[in-house]
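Each chain, letter by letter, is given below.
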Amino acid sequence: MAADRPEGVVRLGHRPLIVSDVDEVALEFLTPFKLFLESRQHRLVPRSFRLTGNIIDLNNGEAASEAAVKALLDAFYDAQEQWQTPAAQVVKTLAELSTEADIVFLTAMPPRHAARRRALLDALGLPYPLLASEEPKGPLVEQLHGGRELPVVFIDDILRNLHSVRDHAPSCLLINLMANAEFRALAPVPGRGIHAAADWAEAAPLIRGHFRRWAPRN
Ligand SMILES: [Mg+2]
């Protein structure tokens, strides 16, 4: 399984590595998920930084249960190609960065949705390798990078994932990027060593600056 042995399925060159999350980072997630919910008589209300408790069933006005939210997410991912679009400037920015760095997508969705996601990314001009795993991201990034004396960057909207990578791959540049501005405003403060970028136009110079400044430890 790709999830167990990421180094076995992704071949890296001797150059910098960019590991990017997909939902809310490379692909819009919250904005199309809101539209999807409306089509199913539900509404996402941005009251706090979470889905469960903030999705209202419009048939009874109640918050959808955790199980119902999971079922809605599964249905959304089953139809993702009809809903999800690229985040602003991601296609151009990653194409430019791919001339000097390897790019790998690391998505936390269940692996059974990975084939659909692969097809969607390809169709949108995002042909970079995709790893789908619900394991903590820090060990996966560490395993992928393998302690090489090369710069590595990790981009995600969820702080838990950024903290996991900070703990396991301490040389990694960490960027917190979230496409949806409404939820970004509700997000917790990133914390020590994590750079915030509102979009890919802000992330690109952070990444290039890290490549330029990086020097092997010896
Ligand atoms: Mg995400």
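Residues numbered from 1 in each chain as written. Predicted model: local features only at pLDDT ≥ 70, side-chain atom pairs only at ≥ 80, totals over all residues. Heavy atoms only, no water.

1. Digging into the overall build of the chain
Inference 1: The number of helices and strands found in the chain is ten helices and nine strands.
Inference 2: Taken across its 218 residues, the chain has 47% of its residues classed as buried.
Inference 3: Partitioning the intrachain contacts of the chain with sequence separation of at least 6 by distance along the chain shows that 66% fall at a separation of at least 24.
Inference 4: Accessible surface for the chain amounts to roughly 10,400 Å². Of this, 53% is attributable to carbon and sulfur atoms. (Helix = DSSP H or I, 4+ residues; strand = E, 2+ residues; numbered from the N terminus. Buried < 20%, exposed > 50% of the residue type's maximum accessible area, 1.4 Å probe, protein only. Contact = heavy atoms within 4.5 Å. Areas by Shrake-Rupley, 256 points an atom, 1.4 Å probe, with all protein chains shown as cover.)

2. Here's the deal with helix 6 (residues 114–123)
Inference 1: Among the residues making up helix 6, those that are buried are Ala114, Arg117, Leu120 and Leu121. All buried residues of helix 6 lie within an arc of 125° about the axis, which places them on one face of the element. Projecting away from the buried face of helix 6 at angles above 90 degrees are the exposed residues Ala115 and Ala123.
Inference 2: Looking at the buried positions of helix 6, the neighbouring elements they touch are helix 3 (66–78), helix 4 (80–83), strand 5 (102–107) and strand 6 (130–132). (Arc of directions from axis to C-beta.)

3. A short note on helix 2 (residues 30–39)
Inference 1: Of the residues making up helix 2, those classed as buried are Leu30, Pro32, Phe33, Phe36 and Leu37. With its buried residues spanning 160° around the axis, helix 2 presents them on a single face.
Inference 2: Close packing links the buried residues of helix 2 with strand 2 (42–44), strand 3 (55–57), helix 3, helix 4 and helix 9 (181–184).
Inference 3: Positive backbone phi, approximately 60°, marks Gln41, located one or two places after helix 2.

4. Description of the environment of Arg117
Inference 1: Mapped onto the fold, Arg117 is located in helix 6.
Inference 2: A relative accessible area of 0% means that Arg117 is categorised as buried.
Inference 3: Leaving out residues up to four positions away in the same chain, Arg117 has contacts with Val22, Asp23, Leu27, Tyr77, Gln80, Gln84, Thr107, Met109 and Leu130.
Inference 4: Of note is the side chain of Arg117, whose polar atom sits 2.9 Å from the side chain of Asp23.
Inference 5: Here Thr107 takes part through its side chain, which lies 3.0 Å from a polar atom of the side chain of Arg117. (Polar contact = N/O pair within 3.5 Å; in protein donor to acceptor, adjacent residues only side chain to side chain.)

5. A closer look at the domain arrangement of the chain
Inference 1: The domains assigned to the chain are domain 1 (6–28 + 84–213) and domain 2 (30–83).
Inference 2: Each of domain 1 and domain 2 has a C-alpha centre, and these two points are 25 Å apart.
Inference 3: Summed over both sides, the interface of domain 1 with domain 2 buries roughly 1,700 Å², with 58% coming from carbon and sulfur.
Inference 4: Ranking the residues of domain 1 by area buried against domain 2 places Gln84, Arg116 and Phe183 at the top, with a combined share of 37%.
Inference 5: For the interface between domain 1 and domain 2, the tally reads three salt bridges.
Inference 6: Measuring nitrogen to oxygen at the nearest pair gives 3.1 Å for the salt bridge that ties Arg112 to Asp74. (Domains from an automatic or database assignment. Buried area = accessible area lost by both parts, 1.4 Å probe. Salt bridge = Lys/Arg side-chain N within 4 Å of Asp/Glu carboxyl O.)

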